[in-house]
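Geometric and topological summary
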Amino acid sequence: NLSIAFLYIANLDSVNLTSTKLTGSILINTRLSSAEKLTSEQLESANPPLICNVSLPTDIAIDPNRDWEKLAAVLHERHHNRFGTIEAAEQWVEERRSQLPN
């Protein structure tokens with residue numbers, strides 16, 4: 001169960017994700033391209049995980065950067081102790097996005 005997990009620079013390649021719950025999790029710079037048994041349904045269900053620069057299997061046609069615009073608000077809401085203001089969360093997100101290759 002990885003519901004509400006915060007996975008930053010995680011490598012889940014070769015991990016069997018059969019029936020793994022990803023509900024509400026945050027996936028940033030996460031490798032899933034060779035994950036076993038990952039389905040689109042796990043990534044598009046009610047309260048889907050946030051996906052930001054995620055390498056996905058070739059058979060899953062989801063934008064690997066679909067949720068950057070939502071990320072700061074979610075980080076501020078869930079991790080208020082770390083991101084005391086929305087501006088702090090936005091700055092953290094922008095720093096991560098600026099590190100991505102163009």
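Here, every reference points to the structure presented above.
What this report covers is the structure whose coordinates are included nearby. (Residues numbered from 1 in each chain as written. Predicted model: local features only at pLDDT ≥ 70, side-chain atom pairs only at ≥ 80, totals over all residues. Heavy atoms only, no water.)

On to the packing of aromatic side chains, then. Counted by the stated rule, this structure contains three aromatic pairs. Geometrically, the ring pair formed by Phe6 and Trp92 is edge-to-face, given 6.1 Å between the ring centres and 85° between the ring planes. Pair noted here: Phe6 is in strand E1 (residues 6-8) and Trp92 is in helix H3 (residues 86-98), with a separation of 86 residues, a long-range link. Look at Phe6 and you get partly exposed, because its relative accessible area is 26%. On the numbers, 5.7 Å between centres and 70° between planes, the contact of Phe83 with Trp92 is edge-to-face. Classification of Phe83 as buried rests on a relative accessible area of 3%. Judged by relative accessible area, which is 8%, Trp92 ranks as buried. The structure contains a cluster of three or more aromatic residues connected by ring pairs, namely Phe6, Tyr8, Phe83 and Trp92. (Phe/Tyr/Trp six-rings, centres within 6.5 Å; stacked < 30°, edge-to-face > 60°. Helix = DSSP H or I, 4+ residues; strand = E, 2+ residues; numbered from the N terminus. Buried < 20%, exposed > 50% of the residue type's maximum accessible area, 1.4 Å probe, protein only.)

Just geometry here; none of it tells us what the structure is for.
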